[in-house]
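# Residue-level structural notes
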Amino acid sequence: MAERLFQLSIWLVALLVLLILLWLVQGLLDQGLAKLSFEFLFSHPQNAGRDGGILSILVATLLILAVTLVVALPLGLASAVWLAEFTTTNNVWARKVRLALDVMAGVPSIVFGLFGYAFFSIFMGMGFSILSGGLTLACMILPVFIRTCEIGLRDANDSWRQGAAALGMPKIKAVWYILLPAALPAISAGLILGIGRSTAETAALIFTSGYVDRMPESLMDSGRALSVHIYDLSMNVTGGDAAAQASALILLMVIILLNMLAFAVTDLWLGRSVIND
Amino acid sequence: MTKGYTIGQLTEAKACCEPIAHLSVRDLSVKYQQKTVLENVDLDIYKGCITALIGPSGCGKTSFLSALNRLIDMTNGASVSGQVWFDDKDMLDRQTDLLNLRRRIGMIFQKPNPFPLSIYRNLALPLHEIGVKDKQLIHQKIETVLKDVGLWEEVHHQLDMTATKLSGGQQQRLCIARALVLEPEILLMDEPCSALDPISSAIVEDLIVSLCGRYTVVIVTHNLAQAKRVANYAAFFWMQERVGKLIEFGHSQRLFEQPRNPLTAAFVNGRKG
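None of these values were measured; they are calculated from a predicted model. (Residues numbered from 1 in each chain as written. Chains lettered and ligands numbered in written order. Predicted model: local features only at pLDDT ≥ 70, side-chain atom pairs only at ≥ 80, totals over all residues.)

### Some thoughts on the overall build of chain A
Looking only at helices and strands, one finds 12 helices and two strands in chain A. Written out in order from the N terminus, the α and β elements of chain A read α-α-β-β-α-α-α-α-α-α-α-α-α-α. Principal-axis analysis of the C-alpha atoms places the extent of chain A at approximately 65 × 65 × 40 Å. (Helix = DSSP H or I, 4+ residues; strand = E, 2+ residues; numbered from the N terminus.)

### Concerning the overall build of chain B
Counting secondary structure elements, chain B contains 10 helices and 10 strands. Over its C-alpha atoms chain B spans a radius of gyration of 18 Å, differing by no more than 12% from the 19 Å that the globule rule assigns to 273 residues. Taken along its principal axes, the extent of the C-alpha atoms in chain B is 55 × 40 × 35 Å. Relative to its full complement of 273 residues, chain B shows a buried share of 48%. (Rg over C-alpha atoms; globule rule 2.2 N^0.38 Å. Buried ≥ 20, exposed ≤ 12 C-beta atoms within 10 Å, placed from the backbone.)

### Looking at the interface of chain A and chain B
The interface of chain A with chain B comprises 20 residues on the first partner and 27 residues on the second. For the side of chain A that touches chain B, the secondary structure elements donating two or more residues are helix H7 (158-166), helix H8 (171-182) and helix H12 (241-274) of chain A. Looking at the side of chain A that touches chain B, the element that brings in the most residues is H7(A), giving six residues. Looking at the side of chain A that touches chain B residue by residue, the classes come out as 11 nonpolar, seven polar and two charged. (Contact = placed C-beta atoms within 7 Å. Nonpolar A, V, L, I, M, F, W, Y, C, P; charged D, E, K, R; others polar.)

### Considerations on the pairing of strand S9 (residues 233-240) of chain B
Residue and element names in this part refer to chain B. Burial of S9 is extensive: six of the eight residues sit out of reach of the surface. Pairing between strand S3 (residues 50-54) and S9: four bridges, direction parallel. Bridge pairing in S9 links Ala-52 to Ala-234. Alignment of S9 against strand S10 (residues 243-251), held across eight bridges, turns out to be antiparallel. Counted as the bridge partner of Ala-234 is Gly-250 from S10. Hairpin connection between S9 and S10: a loop of two residues separates the two successive antiparallel strands, and Glu-241 in this loop has a positive phi of roughly 50 degrees. (Pairing = 2+ DSSP bridges.)

### A short note on the pairing of S3(B)
Residue and element names in this part refer to chain B. Among the five residues that make up S3, five are buried, leaving the element largely enclosed by the rest of the structure. Neither face of S3 is left uncovered, since the one carrying Ile-50, Ala-52 and Ile-54 and the one carrying Thr-51 and Leu-53 both have all their residues buried. Where S3 lies against strand S8 (residues 216-220), four bridges are found, and the strand directions are parallel. Paired with Ala-52 across the bridge in S8 is Ile-219.

### With respect to the packing of helix H3 (residues 55-85) of chain A against helix H6 (residues 130-155) of chain A
Residue and element names in this part refer to chain A. Contact geometry for H3 and H6: axes closest at 6 Å, N-to-C directions at 35 degrees. Considering the relative orientation of H3 and H6, their crossing is right-handed. Residues belonging to the contact of H3 with H6 are distributed by class as follows: 23 nonpolar, five polar and three charged. (Axes fitted to C-alpha atoms, helices over the stretch in contact; angles between N-to-C directions. Left-handed = near helix turned anticlockwise from the far one by under 90°.)

### Re the nonpolar core
Within the largest apolar cluster, 148 residues are counted, with the highest numbers of intra-cluster contacts made by Ala177(B) and Ala234(B). Sequence-distant contacts of Ala177(B), that is, excluding residues within four places in its chain, are made with Leu123(B), Val145(B), Leu146(B), Asp148(B), Val149(B) and Leu151(B). (Core = buried A, V, L, I, M, F, W, Y, C linked by C-beta atoms within 7 Å.)

### Concerning H6(A)
In this model, H6(A) (26 residues) spans 36 Å end to end at C-alpha, consistent with the 38 Å of a helix rising 1.5 Å per residue. Of all 26 residues making up H6(A), 22 are buried, and the element is well covered by its neighbours. (Expected span 1.5 Å × (residues − 1).)

### What about unusual backbone geometry?
All names here are of chain B. The residue Asn-40 is not glycine, and still its phi comes out positive at about 45 degrees. Note that Asn-40 resides in strand S2 (residues 35-46). Accessibility expressed as a C-beta count within 10 Å gives 14 for Asn-40, which makes it partly exposed. The phi dihedral of Glu-191 falls on the positive side, at around 45 degrees, and the residue is not glycine. Here Glu-191 lies in the loop between strand S7 (186-190) and helix H7 (198-211).

### Describing the environment of Val59(A)
Residue and element names in this part refer to chain A. For Val-59, the location among the structural elements is in helix H3. When the C-alpha atoms of Val-59 and Ala-225 are compared, they prove to be 8.5 Å apart, with 166 residues separating the residues in sequence. Aside from chain neighbours lying at most four places away, what touches Val-59 is Met-215 and Pro-216.

### A short note on the environment of Tyr32(B)
Residues and elements named next belong to chain B. Its location among the elements puts Tyr-32 in strand S1 (residues 21-32). Here Tyr-32 falls in the partly exposed class, since 15 other C-beta atoms lie within 10 Å of it. Every residue in contact with Tyr-32, bar those within four places of it in the chain, is listed here: Val-37, Gly-77 and Ala-78.

### Looking at the confidence of the model for chain B
Residues and elements named next belong to chain B. Put simply, chain B has an average pLDDT of 88, and 94% of its residues get 70 or more. Helix H9 (residues 252-257) is the least confidently modelled element of chain B, averaging 88 in pLDDT, while S7 averages 95, the highest of any element. The low-confidence segment residues 1-5, where pLDDT is below 50, has seven contacts with residues more than four positions distant or belonging to other chains. (pLDDT = per-residue confidence, 0-100.)

### Digging into the confidence of the model for chain A
Across chain A, pLDDT averages 89, with 97% of residues at or above 70. By mean pLDDT, the top-scoring element of chain A is helix H5 (residues 109-123) of chain A (95), and the lowest-scoring one is H12(A) (81).

### Digging into helix H3 (residues 119-129) of chain B
Residues and elements named next belong to chain B. With respect to burial, H3 is a largely interior element, nine of its 11 residues being buried. Along H3, the positions that sit buried rather than exposed are Ile-119, Tyr-120, Arg-121, Asn-122, Leu-123, Ala-124, Leu-125, Pro-126 and Leu-127. In the stretch just after H3, Gly-131 is the one whose phi turns positive, near 95 degrees.

### Topic: the environment of Leu226(A)
Residue and element names in this part refer to chain A. Relative to the elements of secondary structure, Leu-226 occurs in helix H11 (residues 226-236). Here the alpha-carbon distance between Leu-226 and Leu-29, two residues 197 residues apart in the chain, equals 17 Å. Excluding residues within four positions of it along the chain, Leu-226 makes contact with Ile-57, Leu-58, Thr-61, Ser-247, Ile-250, Leu-251 and Val-254.

### Details of the packing of helix H4 (residues 92-105) of chain A against H6(A)
Residues and elements named next belong to chain A. One way to put it is that H4 packs onto H6 with a least axis distance of 8 Å and a crossing angle of 130 degrees. Relative to H6, H4 is oriented oblique. For H4 against H6, the interelement crossing comes out left-handed. Across the interface between the two elements, Leu-101, Met-104 and Ala-105 from H4 touch Pro-143, Val-144, Ile-146 and Arg-147 from H6. For the contact of H4 with H6, a count of residues per class yields six nonpolar, no polar and one charged. (Parallel < 35°, antiparallel > 145°, perpendicular 65-115°, else oblique.)

Here is the structure:
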């Protein structure tokens, strides 16, 4: 009896979560769907975003994300490999780095925004630019990404490390050919988490990549990210609600698409390591 | 093709075992942090022979084994003193090229540890690392070692299957093949059959016997019957005052049937250990 009650309550809770999610999406669809069209995707915003589309904003969003990933991916993987494979668990420096990462993971994104503004925009002279925004987001997602990858690597079977060493394989080769592919599920989880947080980020971008809604011409141009666009439309632009909700729908789709892409890419990489060469 | 093998490929060379030292261990001691686990071991490992290391758990057999390919260096706080002469060089020397050493002295672990890659890649990866790039040569070598360990018939049509899907015994034979593909001179085996079911264990044991004469084999085993069956020589380790020591070494048959040391006698007759 207690068992069945327990099961029932778990089902109910799961259903509740699903309902809340559907309710959210329904709210977006309500006004957004009418606004959504091919036209909306491929034209520039006009009249402060009330009319027109979101092409320039979509481009800026993807550019910011690209900068973030190009910086965070190699840096994150290298740090994780260093923490997991090239230091002992008690290494003084590794412990300090780990502590710093864990603290940074809990810092609110607005703080990263202020740091990015002070460091990248002002001190490094990047101004309000996609580059500055992307780098700020990279700082923001790195802590969680590094720790997820590190844990993934540590979970890799120790006997593979020994096996590789016993075959006279240099450590770095063992990491590259055996341990990283083995840690791939953790890496892709960290990546998807990072992508989700980056695409949804507003606070860290307002002061760094800015909110100019023109088509960006280079990484040094200011660019308005989708989330900033949504924020601006719903908070500052009267009569922008429909456009805001349509943009939010697009954002939702972008995140789903990117997640699928991340899965596909990691699968491909896993395939590379398993298939004959 | 025969280059690098002690005497030759399994399919063609004839078995032989000569009392010529391939590895000479002198005054070897192993410590973990401050705790000595093995002290003053002097032992010659004979070329082409199978040497079994027997003794109770915790008497330093595995430490001894992993000192021979310096894999013990990977263990935190482990320190080894003494000398291990291999090719007129003390390979405990700091200057030793460990990668090269471990390519010449292969190791098989207690639990089969195939990489989570395809069967083919498990064998191709070590070859790739020593610079064998020619695909045909790689394929040929892989076929040879898989035949050597008797896996070819079982897996040749599914070489791209993930190796971890093989059965335990097949995995262990794959690991032996992976060690053999580098054409080592010496194979170190740490209880290679203890994680396997009796039938797989018998197959791997037969394989080990077939290695006699072609490779120098050092095998740690807790199974005395197995040691009796496979080994040409046996070395008996025992704990004295909480420190592992080599008590007796000799022809396997002699050591089992006419042990000289009373401790050995007690152990092989099942009265101790």
